[in-house]
Amino acid sequence: MRKLVAIAMLSVAACSGDLSVGGDDNTTADGNTGMDAVPCGLQIGFDPIDPVASSVLPIRAYTNLVNTAGVLSFTWTVTFNGANVPTTEQAADGSQINFIAATAGSYFVTVQVSGPTDCSYASTAKYVEAPGANADVFRLRTVPAPNLAPPQETYIQVKGGANIDRAIALDSGISVTGLVKNTATSTGISAYLKFMPRSMPTAYTELFSSATGVYNLRLLPYDHDVLVIPTATTLAPKLVPWSAVPFTTELHVGPGTVVSGTVHNPAGNGFAGAKVQLYAGSVPSTIGTTAADGSFSVRTDFPTTSSQVTVKVTPPASSGLPRLEATSTFNLANALNINYAASLATCNLQNTPVQRVGANQANAQVTVVGALGGVAGTIGGINATNTVRVSATADGTGRLPSMLVPRGALNVVTVLSMTDHAVSAIDTSACSVTQIDAPAMTTITGATKDATMTALPNIRIEAEPVGVLATAGVAPIHIMSNDTTGAFSLPLAAGGRYNVRFTDPQQRAAPLTASNVAPGGVPTNAQLAKALALTGQVSIVNNSTPVIGASVQILCTTCSGLDLERPIAETATNTVSRYAIAVPDPGTM
């Protein structure tokens with residue numbers, strides 16, 4: 001529809017921030033992206049601000065123009081899933097229309113203006129939610145090429161029942177050049193750097209400074225904390241504040257404070273070759289190695305607010321003793337005494353055969369893992385937890401070389417190949433082990449299906465080892481379900497436990513996770529829930545450079561530990577800077 005009218009208007013900003021400016025299609029983004037209006041101010045607004053799909057109640061779209069006078073003509077277009085949606089004129093001058101959005105989803109609204117104005121075009125994607133839509137909150141992380149913009153995260157609310165088109169407009173940040181300096185010598189140094197925005201620490205940037213201490217990167221103009229770990233062990237790692245105003249140009253580290261102590265073996269003698277490291281939150285000390293008399297020293301530069309310090313002790317691999325760890329309010333001004341329990345004893349598994357069904361397994365990799373009962377040692381007078389991890393490789397006849405392990409009830413993980421491993425119990429209490437058993441893998445068969453229990457082919461399945469398998473360092477197993485039927489055969493260690501994830505590379509369904517399950521706990525009818533398609537254009541504000549190959553991830557908001565960094569779903573932008581990712585559908589009431 002077209003109408004001619006003499007018009008002089010001031011723009012009115014909608015309180016939701018859901019106004020699209022003249023320019024490229026699909027530019028609607030979060031209000032915190034820093035999107036600038038074009039000088040002429042052509043925008044599209046909506047009433048209601050958050051519309052709900054209805055076959056009766058219309059949605060009004062309108063324009064606002066700034067400093068424009070003259071006879072203008074408006075042409076409106078509304079599309080949904082590529083099809084035109086009928087519109088009705090709601091203002092005599094043609095600047096407003098109504099349309100019915102009977103189905104939830106993203107509607108693309110475009111207005112073309114002709115006449116005495118520099119703004120001739122505006123377009124936006126307007127999301128119309130489903131009636132009774134449930135909502136869930138996720139973190140949306142975007143990591144473009146580092147020369148374009150820094151990593152960025154925001155919280156997004158996803159409402160159930162309809163696909164979403166959501167543009168991501170990234171702040172290009174500011175170009176930062178700085179120097180990492182040794183305060184003792186006033187010289188630049190090489191160091192690992194981790195820049196963490198205080199408002200969203202998980203959207204961090206990592207890099208190394210040069211040999212002369214120089215670093216270059218792009219950062220959001222917000223306050224950051226920077227973990228600085230010098231490559232020189234004579235300097236202490238430190239958490240350094242960085243600010244944009246006033247601009248921080250130098251990151252200072254120094255020798256820090258020396259913390260010393262002694263590690264004693266079960267006989268009470270000095271224990272040589274043990275590694276000792278302290279942590280206050282995410283800030284480590286340097287690593288100290290004990291001398292012949294068991295003495296060690298490390299350098300720390302912990303924040304003055306640190307109250308809890310974790311001490312980790314890793315014995316020499318040949319000792320057969322467990323690792324120790326304790327967290328407490330240690331007085332680091334005093335020498336730190338670390339004592340292995342006098343009751344600890346070891347057993348040598350030398351010449352023990354590694355067998356499967358009675359046959360020795362040449363070159364099998366064996367790792368004895370677990371935790372000993374009772375107190376294995378103390379750190380600064382605090383009872384320490386312990387972890388056993390001792391590894392060796394069998395010879396060509398399938399027998400172990402010299403391999404000291406603690407005495408006790410433990411587990412043994414045997415790796416015969418990247419996809420063939422086994423778990424079995426071992427009791428070294430009496431030092432009478434006659435063989436290491438490596439039971440054959442068990443195969444879990446099943447099929448991947450969608451929310452309607454229809455075959456869903458080409459699903460990626462990852463079995464991530466947990467528990468003793470993870471302690472032994474066993475690699476995840478990756479397979480794909482059949483490309484027509486969705487059938488799968490997943491080989492797993494009979495005595496192992498896994499986090500098993502089913503993900504759809506084609507974004508047709510939401511991920512399915514079975515956490516910390518034995519092989520029998522893997523779903524054989526692996527039904528992936530309905531997903532919403534979250535799609536859109538990724539751009540850099542005020543920069544027309546394409547954003548190709550940027551990582552786009554959906555992450556949880558309430559999880560912790562490793563799950564905080566593990567994406568629920570992820571994808572990358574294509575050659576035209578668009579992304580498509582499957583988000584779990586919160587559904588409707």
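Residues numbered from 1 in each chain as written. Predicted model: local features only at pLDDT ≥ 70, side-chain atom pairs only at ≥ 80, totals over all residues. Heavy atoms only, no water.

Peer 1: Would you mind showing me how to read the side chain of K449 here?
Peer 2: Secondary-structure assignment places K449 in strand β42 (residues 442-449). Among buried charged residues, K449 stands out as having no salt bridge; its nearest opposite-charge side chain is D450, 9.0 Å away. Of note is the side chain of K449, whose polar atom sits 2.8 Å from the side chain of N525. Beyond its immediate stretch of four places on either side in the chain, K449 contacts T454, A455, L456, N525, A526, Q527 and L528. (Helix = DSSP H or I, 4+ residues; strand = E, 2+ residues; numbered from the N terminus. Buried < 20%, exposed > 50% of the residue type's maximum accessible area, 1.4 Å probe, protein only. Lys, Arg positive; Asp, Glu negative; His and termini not counted. Salt bridge = Lys/Arg side-chain N within 4 Å of Asp/Glu carboxyl O. Polar contact = N/O pair within 3.5 Å; in protein donor to acceptor, adjacent residues only side chain to side chain. Contact = heavy atoms within 4.5 Å.)

Peer 1: Looking at this structure, how should I read the packing of aromatic side chains?
Peer 2: For any two aromatic rings, the description comes down to two numbers: the centre-to-centre distance and the angle of the planes. Summed over all chains, the structure comprises 7 aromatic pairs. On the basis of an interplanar angle of 35 degrees and a centroid distance of 6.0 Å, the ring pair of F99 and Y107 is categorised as tilted. Note on F99: relative accessible area 2%, which makes it buried. Here Y107 falls in the buried class, since its relative accessible area comes to 2%. Look at F195 and Y215: their rings are 5.6 Å apart centre to centre, the planes differ by 50 degrees, and that puts the pair in the tilted class. Of this pair, F195 sits in strand β17 (residues 191-197) while Y215 sits in strand β19 (residues 214-219), placing them 20 residues apart in sequence. Y215 matches F195 in its accessibility class, with the two residues each being buried. Three or more aromatic residues joined by ring pairs make a cluster, and in this case those are F80, F99 and Y107. Above the ring of Y204, the side-chain terminus of K194 is found at 4.3 Å from the ring centroid. (Phe/Tyr/Trp six-rings, centres within 6.5 Å; stacked < 30°, edge-to-face > 60°. Lys NZ or Arg CZ within 6 Å of the ring centre and 35° of its normal.)

Peer 1: Would you explain the environment of N482 in this entry?
Peer 2: Assignment of secondary structure puts N482 in the loop between β44 (477-480) and β45 (487-492). When the C-alpha atoms of N482 and K449 are compared, they prove to be 11 Å apart, with 33 residues separating the residues in sequence. Among all residues touching N482, those that are not within four sequence positions of it are P457, N458 and A487. A distance of 2.7 Å separates a polar atom in the side chain of N482 from a polar atom in the side chain of T484.

Peer 1: Quick question: what am I supposed to make of the sheet that holds strand β11 (residues 135-143) here?
Peer 2: Each strand in a sheet pairs with another by means of backbone hydrogen bonds, the pair being arranged parallel or else antiparallel. Read from one edge to the other, the open sheet built from 4 strands follows the order β12-β11-β50-β51, with strand pairing classed as antiparallel. Among the strands making up the open sheet, the edge pair consists of β12 (152-159) and β51 (569-572). Between one strand and the next, the sheet's axes are offset by a mean angle of 25 degrees, whatever the strand orientation. Two strands pair when backbone bridges link them, and strand β50 (residues 551-555) and β51 are joined in this way by 4 bridges, in the antiparallel orientation. In the sheet register, I554 faces β51, and the bridge partner there is A569. (Pairing = 2+ DSSP bridges. Axes fitted to C-alpha atoms, helices over the stretch in contact; angles between N-to-C directions.)

Peer 1: Mind showing me how you'd approach the environment of A509 here?
Peer 2: Examined against the element boundaries, A509 turns out to sit in the loop between β46 (497-503) and β47 (512-517). Distance in space between the C-alpha atoms of A509 and Q527 is 9.3 Å, their sequence separation being 18 residues. With near-sequence residues (within four places) excluded, A509 lies in contact with L456, D504, L528, A529, A531 and A582.

Peer 1: I keep staring at empty space enclosed by the protein and nothing clicks. Help me out?
Peer 2: Empty space among the atoms becomes apparent when a probe as large as a water molecule is rolled across them. On inspection of all chains with the given rule, the structure shows 1 cavity of 30 Å³ or more. Its volume calculated, the largest cavity comes out at about 40 Å³. Considering the residues around the largest cavity, the lining is formed by P150, P151, F195, P197, A203, T205, L219, L220 and H224. Here the residues of the lining of the largest cavity sort into 7 nonpolar, 2 polar and no charged. (1 Å grid on protein atoms, 1.4 Å probe; cavity = no way out; pocket = protein on both sides within 12 Å on 5 of 7 lines; lining within 4 Å. Points joined across faces, edges and corners; volume = space filled by probe spheres on them. Nonpolar A, V, L, I, M, F, W, Y, C, P; charged D, E, K, R; others polar.)

Peer 1: Explain the pattern of salt bridges to me, please; I cannot follow it from the model alone.
Peer 2: One side chain can pair with another of opposite charge once the charged atoms of both are near each other. Under the definition given, this model contains 16 salt bridges. For D47, the salt bridge identified is with R60, shortest N-O distance 3.5 Å. With D47 in strand β3 (residues 43-47) and R60 in strand β4 (residues 59-64), this residue pair connects regions lying 13 residues apart in the sequence. Using a relative accessible area of 40% as the deciding quantity, one classes D47 as partly exposed. Relative accessible area serves as the criterion here: at 24%, R60 is assigned to the partly exposed category. The salt bridge involving R501 is made with E464; its shortest N-O contact spans 3.0 Å. On the criterion of sequence distance, the pair formed by R501 in strand β46 and E464 in strand β43 (residues 460-466) is long-range, its members being 37 residues apart. On the accessibility criterion, R501 (13% relative accessible area) is buried.

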